[in-house]
Amino acid sequence: MSFDLVLFGGTGDLCWRKLMPALFQAFRHGTLPSGARIIGVGRDDLSDERYRAQIQARFDAVELAKRPCNDEFDRFSALLEFVSMDLSRPEHYANLRDKLTQRQADTVVMYLATAPSLFTTIVEQLAAAGLNTPQTRVVLEKPLGHDLASNRAINHTVAQVFREDQIYRIDHYLGKPSVQNLFALRFGNALFEPLWRREHIANIQITIAEELGVEKRGAFYETTGALRDMVQNHALQLLCAIGMEPPINSHADAIRDEKLKVLRSLKPWAIESLAQDVIRGQYGAGNIAGLPVPGYRDEQGVSPASSTETFVALRTEIANWRWAGVPFYIRTGKRLAARDARIVVNFRPTPHAIFNAQIGQANRLVINLQPKDGLELHLLAQAQDKRQHSNSLAPVQLDLDFDKRFGAERVGAYERLLLDVIEGRLNLFVRSDEQEEAWRWVEPILAHWQADPQGPRPYAAGTWGPSATSAMIARDGFCWSEES
Ligand code: BG6
């Protein structure tokens with residue numbers, strides 16, 4: 001199969017950090033179709049050779065599981081080409097068209113890895129240049145807009161130019177191995193289904209913690225913040241994967257219908273819940289892995305008086321028969337104590353205790369997303385220590401460690417999703433109505449913050465965020481998983 005991948009934002013951060021390494025891994029795994037062309041688009045005036053050299057230099061700096069040897073990179077780089085474009089100029093799209101019509105590829109993928117403010121222009125210009133052929137698929141990176149209105153405007157324009165089944169709204173968290181495995185766990189086994197409900201689950205905690213700060217993306221992050229960057233998309237998609245009903249089959253729309261229902265069932269915000277159940281924070285100077293790091297306001301591109309949040313913790317509920325009353329806690333932030341993304345499902349304690357047991361870490365299913373991925377089932381077992389009293393219990397852990405079970409070499413999230421686009425599989429992509437619903441739900445939080453002079457609460461880099469986060473969960477009588 002021949003295909004052309006046109007990468008708008010071909011010299012941008014996402015391209016260097018995620019897309020090119022993912023494409024290279026697919027090449028190395030032998031899954032990138034052989035008749036491929038990868039065409040980077042950017043403003044710079046670069047020759048193909050120069051572009052290839054830039055990518056190689058970046059590859060040398062990134063942590064690939066196995067650095068490419070020259071021969072391997074040479075073979076990969078033969079697929080790379082570069083087109084210099086000013087995205088507002090129609091004649092530049094004509095140049096792109098010339099390049100694409102040099103051969104009629106079976107599939108053309110337009111990957112929009114630019115600022116979302118450019119999406120509308122790019123899509124309109126693609127249409128004007130006749131580049132919206134039936135063989136074309138368009139990939140839209142997040143964030144898709146900065147609020148409901150801008151999200152709708154983008155989706156509306158794109159829908160004028162491409163059919164919904166040509167549109168791939170990417171959320172790379174859906175491509176993470178443990179998230180895919182969550183679908184397998186829930187819908188491939190009958191074991192958990194009877195327990196997966198309010199009668200048996202006390203609370204669910206979704207944590208996406210990063211050690212990194214905003215790096216060189218300060219200017220972008222200033223107008224985005226953690227709510228738009230992580231909660232509106234990644235965290236809510238995880239919540240959907242945990243909370244959705246079993247879909248009627250594995251087709252994309254069956255899955256997306258169920259995720260949409262979860263988003264529609266999220267408890268609406270009230271003034272009191274906005275004040276009590278949503279916490280925003282901003283990192284100050286601190287230590288990460290023993291090294292001092294600056295505070296957010298001292299980062300490049302960030303205002304010294306910035307009120308952008310780098311941390312959000314919130315409590316919500318899914319108001320339906322399965323979940324009514326079960327708190328779902330979401331927590332995400334930059335410069336936290338560890339790089340750690342996981343979902344913790346805390347089951348209810350036994351209704352009557354006959355053992356002397358400290359529950360602690362037991363009665364819990366942990367879905368680890370990163371840095372390691374896999375599952376841990378925490379149970380209580382009879383203590384096997386002869387100094388212990390005969391009916392003492394000890395917490396034990398059953399592990400499905402993906403590294404041990406499947407080997408450390410894994411198909412990464414971007415690699416998986418890029419291959420899905422090339423092969424036309426929409427299951428792990430987000431439909432426009434899901435996105436809109438997610439924006440509708442976060443908008444009251446944004447409005448509340450705008451009117452709230454208090455601003456984000458400070459937290460020191462290298463901690464788990466503002467202390468109010470622990471107080472929020474303690475009000476329900478629970479604690480975060482690392483505190484138990
Ligand atoms: C991106 C956000 O979507 O996800 C970044 O824009 C964040 O700010 C990144 O760092 C986290 O992804 P991962 O896969 O490294 O957890």
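This text goes with the structure placed above it.
Okay, so let's go over this structure. (Residues numbered from 1 in each chain as written. Predicted model: local features only at pLDDT ≥ 70, side-chain atom pairs only at ≥ 80, totals over all residues. Heavy atoms only, no water.)

Considerations on the overall build of the protein chain
Per the secondary structure count, the protein chain includes 15 helices and 17 strands. Computed over the C-alpha atoms, the radius of gyration of the protein chain is 24 Å, within 12% of the 23 Å expected from 2.2 N^0.38 for a compact globule of 484 residues. Principal axes of the C-alpha set define a box for the protein chain whose edges measure 75 × 50 × 50 Å. Within the protein chain, the fraction of its 484 residues that count as buried is 55%. A fraction of 77% describes how many contacts in the protein chain between residues 6 or more apart in sequence connect residues 24 or more apart. As displayed, the protein chain offers around 21,100 Å² of accessible surface, 52% of which is attributable to carbon and sulfur atoms. Averaged over its 55 positive side-chain charges, the protein chain has a centre that lies 3 Å from the centre of its 59 negative ones. (Helix = DSSP H or I, 4+ residues; strand = E, 2+ residues; numbered from the N terminus. Rg over C-alpha atoms; globule rule 2.2 N^0.38 Å. Buried < 20%, exposed > 50% of the residue type's maximum accessible area, 1.4 Å probe, protein only. Contact = heavy atoms within 4.5 Å. Areas by Shrake-Rupley, 256 points an atom, 1.4 Å probe, with all protein chains shown as cover. Lys, Arg positive; Asp, Glu negative; His and termini not counted. Charge placed at Lys NZ, Arg CZ, Asp CG, Glu CD.)

Remarks on the packing of helix H10 (residues 252-265) against helix H14 (residues 432-451)
Contact geometry of H10 with H14 gives a least axis separation of 9 Å together with a crossing angle of 15 degrees. By the angle class used here, H10 and H14 are roughly parallel. Two packed elements cross with a definite hand, and for H10 against H14 that hand is left-handed. Residues Arg256, Lys259, Leu260, Leu263 and Arg264 of H10 lie in contact with H14, whose contacting residues are Asp433, Glu434 and Glu437. Classifying every residue of the contact of H10 with H14 by side-chain character gives 2 nonpolar, no polar and 6 charged. (Axes fitted to C-alpha atoms, helices over the stretch in contact; angles between N-to-C directions. Parallel < 35°, antiparallel > 145°, perpendicular 65-115°, else oblique. Left-handed = near helix turned anticlockwise from the far one by under 90°. Nonpolar A, V, L, I, M, F, W, Y, C, P; charged D, E, K, R; others polar.)

Description of unusual backbone geometry
Pro143 follows Lys142 through a cis peptide bond whose omega is -5 degrees. Position of Pro143 among the secondary structure elements: in the loop between strand S5 (136-140) and helix H6 (148-161). Here Gln370 and Pro371 are connected by a cis peptide whose omega angle stands at 5 degrees. Turning to its location among the elements, Pro371 is positioned in the loop between strand S14 (364-370) and strand S15 (374-382). Of note in this structure, Glu215 is not a glycine but carries a positive phi near 55 degrees. Tracing the chain through its elements places Glu215 in the loop between strand S7 (201-209) and helix H8 (218-222).

Overview of the site of the ligand
As a matter of local geometry, the ligand sits amid Lys18, Lys142, His172, Tyr173, Lys176, Glu210, Arg217, Asp229, Met230, His234, Lys334 and Gln370. The contact in question runs from an oxygen atom of the ligand to an N or O atom on the side chain of Lys142, over 2.7 Å. For the ligand, the protein covers 88% of the area, taking 400 Å² as the surface of the free molecule. (Near = heavy atom within 4 Å. Polar contact = N/O pair within 3.5 Å; in protein donor to acceptor, adjacent residues only side chain to side chain.)

As for the layout of surface pockets
The calculated volume of the second largest pocket comes to roughly 310 Å³. Residue assignment for the lining of the second largest pocket shows that the elements contributing at least two residues are H8, helix H9 (225-243) and H14. Considering every element that reaches the lining of the second largest pocket, the biggest residue donor is H14, with 4 residues. Across the lining of the second largest pocket, the residue classes tally to 4 nonpolar, 7 polar and 5 charged. (1 Å grid on protein atoms, 1.4 Å probe; cavity = no way out; pocket = protein on both sides within 12 Å on 5 of 7 lines; lining within 4 Å. Points joined across faces, edges and corners; volume = space filled by probe spheres on them.)

Focus: the side chain of Ser306
With respect to the helices and strands, the residue Ser306 is situated in the loop between strand S10 (291-293) and strand S11 (311-316). One polar contact links the side chain of Ser306 to the main-chain amide nitrogen of Thr308, over a distance of 3.1 Å.

A look at the sheet that holds strand S13 (residues 340-347)
An order of S16-S15-S14-S13-S7-S12-S11-S8-S17 is seen for the 9 strands of this open sheet, with the pairing classed as mixed. Lying at the two open borders of the sheet, with one neighbouring strand each, are strand S16 (393-401) and strand S17 (457-460). The mean angle between the axes of side-by-side strands here comes to 20 degrees, regardless of whether they run parallel or antiparallel. Inspection of the sheet shows strand S8 (residues 278-284) paired to S17 by 4 bridges, in the parallel sense. Pairing of Gly281 across the sheet is with Arg457, part of S17. (Pairing = 2+ DSSP bridges.)

Considerations on the side chain of Asp229
Mapped onto the elements of the fold, Asp229 is located in helix H9. Note on Asp229: relative accessible area 3%, which makes it buried. Setting aside anything within four residues of it in sequence, one finds Asp229 in contact with Lys142, Arg217, Phe220, Tyr221, Thr224, His234 and Lys334.

Topic: the packing of aromatic side chains
According to the stated counting rule, one finds 18 aromatic pairs in the structure shown. Here the aromatic rings of Phe24 and Phe27 are separated by 6.4 Å at their centres, their planes lie at 25 degrees, and the arrangement is stacked. Residue Phe24 and its partner Phe27 are both found in helix H1 (residues 13-28); the two are separated by 3 residues, about one turn of the helix. As far as burial versus exposure is concerned, Phe24 and Phe27 are alike and both buried. Relative to Phe406, the ring of Phe402 has its centre 5.5 Å away and its plane inclined at 80 degrees; by these criteria the two rings are edge-to-face. Taken together, the residues Phe402 and Phe406, both in helix H12 (residues 402-406) and 4 residues apart, mark about one turn of the helix. In this structure an aromatic cluster arises from ring pairing among Tyr221, Tyr283, Tyr296, Phe311 and Tyr459. It is Lys176 that lies over the ring of Tyr173; its NZ or CZ is 4.5 Å from the centre. (Phe/Tyr/Trp six-rings, centres within 6.5 Å; stacked < 30°, edge-to-face > 60°. Lys NZ or Arg CZ within 6 Å of the ring centre and 35° of its normal.)

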